[in-house]
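Observations on chain architecture
Residues per chain, in single letters:
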Amino acid sequence: MMRLYLALALPATFVFATQITDIQGPAFRSPLEGVTVHNITGTVTAKASTGFYIQGTPSKDISVSHGLFVFSESSAVLNSVAPGDEISLSGKVTEFRGSSATDQAFLLSTELDSPSNIVVLSTGNKVAPLVLGPTGPGARSPPTQQLSALDNGPDGWLSVPNNVSRVDQVNATAEPAHFGIDFWSSLEGVLVTVKNPVGLDFQNSFGEFWVHGDWPVTGKNSRGGLTLTVGPNGVPDGNPETVIIGVPLDGTTNPNVSIGQTFTDITGVIQQQFGFYYILPLTAPTTLTIPSPIIPPTTLRKSTDPCTLVIGEYNVDNFAPNSTTMPVVASQIVHSLLMPDMIFLDEIQDNSGPTNNGVVDASLTLSTLAQSVVSQGGAFLYNFTEVISVNNQDGGETGGNIRPAYFFDSRKVSLVPGSPTGGPLDATAPVMKNGKLSLTFNPGRLDPNNTVWDSARKPLVAAWQTTTGQRFITINVHNTAKSDVPGSSTQGDDRPPVNLDVTKRQGQVETIATFIKSILTLDPSASIILGGDFNEYTFTRTVFASLDNLMFEADVLANVPPVERYTFAFDQNVEQLDHVFVSSAVALRGVQAEHVHVNNWQPTTATRGSDHDPSVVRVRVC
């Protein structure tokens with residue numbers, strides 16, 4: 001009986017120290033959340049102003065992190081440890097997320113709070129960082145296609161509806177070999193090195209910037225950035241193999257960053273904060289190479305054929321008569337777009353810019369840009385047309401009254417005569433006059449009283465004729481903007497991520513499609529060109545479904561490589577928000593298309609004319 005008693009009693013007499021891997025566990029939330037743990041041992045790898053990082057023995061299970069952030073703002077605590085110290089300590093396991101409304105879309109971060117009983121066991125220890133990549137000891141590379149197992153739906157992380165589930169509520173076992181969020185979560189708090197990092201966007205206002213390292217990537221474009229594309233499984237690829245580099249822990253300053261720029265290796269700790277998994281570098285990297293500053297112009301040339309048109313599309317970003325970007329944009333039109341026959345312009349502000357004084361006319365803005373084009377060497381003076389706004393009813397900067405407008409070379413095309421210019425609330429409609437297609441208001445707005453356009457730009461429709469009298473219709477679009485507040489990040493808790501106002505953009509495209517159908521009902525062979533800033537990717541297919549087999553995307557018709565289809569840079573991706581579509585009559589005649597990266601290939605944001613790149617298409621309207 002004594003031997004049986006000893007066997008039963010022995011487990012109760014030993015207290016086993018808690019390991020960092022026990023705290024982290026294989027899921028997103030700690031299995032010890034809320035528990036005060038003791039005798040945790042680890043080596044200090046880095047210190048921050050609000051705590052320090054410790055690292056223990058790795059688990060054989062790659063879903064389990066062996067790093068941990070210890071939160072404390074106490075100077076006594078922070079001064080008691082230094083990198084290289086092996087320590088033991090106690091603390092309360094916490095899943096941290098801020099208290100603001102925005103913070104609720106962020107993932108939880110596992111940390112140890114209220115540290116106590118800190119004992120330095122030894123000093124001067126070296127912790128070798130985990131080198132991320134396909135080879136080497138403990139090789140770990142991020143997956144390249146999917147962000148989360150919870151992004152169910154045909155469009156993956158872009159599926160509608162959004163926010164169907166939450167990572168912290170499901171709390172599934174991480175699958176770091178398959179999903180990007182899981183990968184970075186499995187290394188939370190771990191000291192890592194990124195070899196041969198490449199910049200993927202400009203740095204943000206905090207000096208943070210996105211990179212990929214020396215590991216497999218998808219969507220790599222000719223500049224060195226990563227383009228949003230569709231993966232081989234037919235699901236949009238969110239580029240999960242990217243990571244954001246935060247503010248250096250030693251107080252040094254990150255360099256200025258541009259797309260395709262390369263840097264020295266970056267070593268730091270992985271931390272979930274502000275909606276993303278960061279690497280907080282021990283010190284700032286230095287720049288190794290910067291891509292060429294030479295940005296080639298479009299290769300699409302104008303034609304003497306009256307039916308062949310070169311058309312530009314350009315969101316010029318809150319553009320006013322006194323915009324400091326005036327000469328930059330004008331020079332781009334001359335030297336990079338090469339003076340297209342027409343330009344779809346978006347974000348044209350009224351004559352007083354953002355001053356909220358009731359002014360709604362934009363003729364001064366447009367005429368000033370037209371004159372500036374001439375002063376930059378333009379061979380002719382653009383004519384222009386617009387429809388005025390109702391004050392502060394079209395979204396954008398208060399008082400600015402941004403709207404779509406057209407520049408056109410009156411030697412090549414002209415507005416079809418015989419219809420008045422529409423007012424801001426006049427809905428234009430297609431009509432047949434003397435057997436030819438026209439509009440009741442020319443130019444006019446597309447269904448401007450439809451609630452789908454509340455606080456949004458109303459599309460600008462115009463009927464044109466060539467010098468030989470052939471007619472075509474254009475629709476200039478600037479749909480409701482995306483936003484990250486109160487949307488959620490690609491690495492956020494909400495799955496699929498909240499794509500703010502996506503259903504509104506879907507309704508706007510459906511309204512446009514209905515209008516196009518009304519044109520084609522009158523004239524099935526009508527030449528129609530639809531373009532502008534849709535504020536959405538075409539592989540958010542729910543949004544664009546109403547255009548299927550109705551209008552055809554110029555990039556697809558022109559066989560533009562998918563990785564070169566981008567007009568905007570945001571976070572880890574370059575992406576296409578601006579699109580041109582054509583009707584079947586135009587598509588059958590052949591279409592050429594290019595994106596001219598005059599802004600996103602700049603070395604700094606200060607030298608850009610806009611945050612969008614312009615696009616150019618060459619079409620035959622007859």
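Along every chain, residues carry numbers that run from 1 in the direction the sequence is written. Side-chain atom pairs in this predicted model are given and counted only at pLDDT of 80 or more, local residue features only at pLDDT of at least 70, and totals for whole chains, interfaces and linings cover all residues. Where side-chain values are given, they derive from all heavy atoms of the structure, hydrogens and water being excluded.

Considerations on the packing of aromatic side chains
Here is the rule we go by: In this analysis, rings of Phe, Tyr and Trp, with Trp reduced to its six-membered ring, are considered paired at centre separations within 6.5 Å, and the interplanar angle assigns stacked below 30 degrees, edge-to-face beyond 60, and tilted for intermediate values. Here the term buried applies to any residue with accessible area under 20% of the maximum for its type, exposed to any over 50%, and partly exposed to those in between, with areas from a 1.4 Å probe on protein chains only.
Evaluation of the coordinates by the stated rule reveals 15 aromatic pairs. Arranged with centres 4.8 Å apart and planes meeting at 85°, the rings of Phe-183 and Trp-184 form a pair that is edge-to-face. Pairing Tyr-537 with Phe-539 gives two aromatic rings, centres 5.9 Å apart and planes at 25°, and the pair type is stacked. For Tyr-537, a relative accessible area of 7% puts it in the buried group.

So, the sheet that holds strand E35 (residues 615-620)
Note the following rule: Here the rule is simple: two strands pair whenever DSSP picks up at least two bridges between them. Helix and strand definitions here come from DSSP, where helices need a minimum of 4 consecutive H or I residues and strands a minimum of 2 consecutive E residues; each element is numbered from the N-terminal end. Here an axis means a line fitted to C-alpha atoms, over the contact stretch when the element is a helix, while the angle between two N-to-C directions is reported on a 0 to 180 degree scale. Note on contacts: a residue pair is in contact if any heavy atoms of the two residues lie within 4.5 Å.
Within the open sheet, the six strands sit side by side as E20-E21-E19-E18-E35-E34. Their pairing is mixed. Of all strands in the sheet, those bounded by a partner on one side alone are strand E20 (383-385) and strand E34 (592-595). Between one strand axis and the next, the sheet turns by 20° as a mean value, whatever way the strands run. Pairing between strand E19 (residues 342-348) and strand E21 (residues 403-408): five bridges, direction antiparallel. Paired with Leu-345 across the strands is Ala-405, a residue of E21. On the sheet, helix H6 (residues 326-335) packs against strand E18 (308-319) and E19 and is oriented at approximately 165° with respect to E18.

Focus on the state of the cysteines
Spelled out, the test is: The disulfide criterion is simple: two cysteine sulfur atoms within 2.5 Å.
Tallied over the entire structure, the rule returns one disulfide. The side chain of Cys-307 participates in a disulfide bridge whose partner is Cys-622; the two sulfur atoms lie 1.8 Å from each other. When the S-S torsion is -105°, as for the bridge of Cys-307 with Cys-622, the disulfide is left-handed. Of the two residues, Cys-307 sits in the loop between strand E17 (287-289) and E18 while Cys-622 sits in the segment after E35, which places them 315 residues apart along the sequence. For Cys-307, a relative accessible area of 11% puts it in the buried group. Relative accessible area serves as the criterion here: at 19%, Cys-622 is assigned to the buried category.

Examining the side chain of Ser-109
Put simply, the test is: A 3.5 Å cut-off defines polar contacts: any pair of N or O atoms within that distance qualifies, except that in protein one atom must be a possible hydrogen donor and the other a possible acceptor, and neighbouring residues in sequence count only when both atoms are side-chain atoms.
Tracing the chain through its elements places Ser-109 in strand E5 (residues 109-122). Engagement of the side chain of Ser-109 in a polar contact is seen with the side chain of Glu-188, the distance being 3.3 Å. At a separation of 3.0 Å, a polar atom in the side chain of Ser-109 contacts the side chain of Gln-271.

Some remarks on the nonpolar core
Short version of the rule: The definition of a nonpolar core used throughout is a set of buried Ala, Val, Leu, Ile, Met, Phe, Trp, Tyr and Cys residues joined through side-chain atoms within 4.5 Å.
Judged by nonpolar contacts, the single largest core of 33 residues is most densely connected at Ile-333, Leu-345, Ile-348, Leu-369, Val-373, Tyr-382 and Phe-407. For this core, the secondary structure elements donating two or more residues are E18, H6, E19, helix H7 (363-375) and E21. The greatest single-element share of this core, amounting to five residues, is contributed by H6. In this view, Leu-345 contacts Tyr-314, Val-316, Leu-366, Leu-369, Arg-403, Pro-404, Ala-405, Phe-407 and Asn-476; residues no more than four positions away in its chain are not counted.

Examining the confidence of the model for the chain
When pLDDT drops low, the exact placement of atoms in the prediction is not to be read closely. Worth spelling out the cut-off: Confidence scores labelled pLDDT are given residue by residue by the predictor and lie between 0 and 100.
Per-residue pLDDT for the chain has a mean of 95; in total, 97% of the residues score no lower than 70. pLDDT under 50 marks residues 1-15. Its contacts with residues more than four places away, or in other chains, come to zero contacts.

A closer look at H7
To keep things clear, this is the line we draw: The span you would expect from a helix comes to 1.5 Å times its residue count less one. Directions pointing from the helix axis toward each C-beta atom define the arc.
Compared with an ideal rise of 1.5 Å per residue, which puts 13 residues at 18 Å, H7 spans 18 Å between its outermost C-alpha atoms and is within 8% of the ideal. Taken together, the buried positions of H7 are Thr-365, Leu-366, Leu-369, Ala-370, Ser-372 and Val-373. For H7, the angular spread of buried residues about the axis comes to 160°, placing them on one side. Buried positions along H7 lie against E18, H6, E19, E20 and E21. Directly beyond the C-terminal end of H7, a positive phi value near 110° is found at Gly-377.

Looking at the packing of H6 against H7
Selection rule: Oblique is the label for any angle not covered by the other classes, which are roughly parallel (under 35 degrees), roughly antiparallel (over 145) and roughly perpendicular (65 to 115). By convention, the crossing between two helices is left-handed when the near helix turns anticlockwise from the far helix through less than a right angle, and right-handed when the turn is clockwise. Charged means Asp, Glu, Lys or Arg here, nonpolar means Ala, Val, Leu, Ile, Met, Phe, Trp, Tyr, Cys or Pro, and polar covers whatever is left, Gly included.
One way to put it is that H6 packs onto H7 with a least axis distance of 8 Å and a crossing angle of 60°. In terms of orientation, H6 and H7 fall into the oblique class. Judged by the twist between their axes, the crossing of H6 over H7 is right-handed. Each of Met-326, Pro-327, Val-329, Ala-330, Ile-333 and Val-334 in H6 lies in contact with H7, whose residues at this interface are Thr-368, Leu-369, Ser-372 and Val-373. Among the residues making up the contact of H6 with H7, the classes are represented as eight nonpolar, two polar and no charged.

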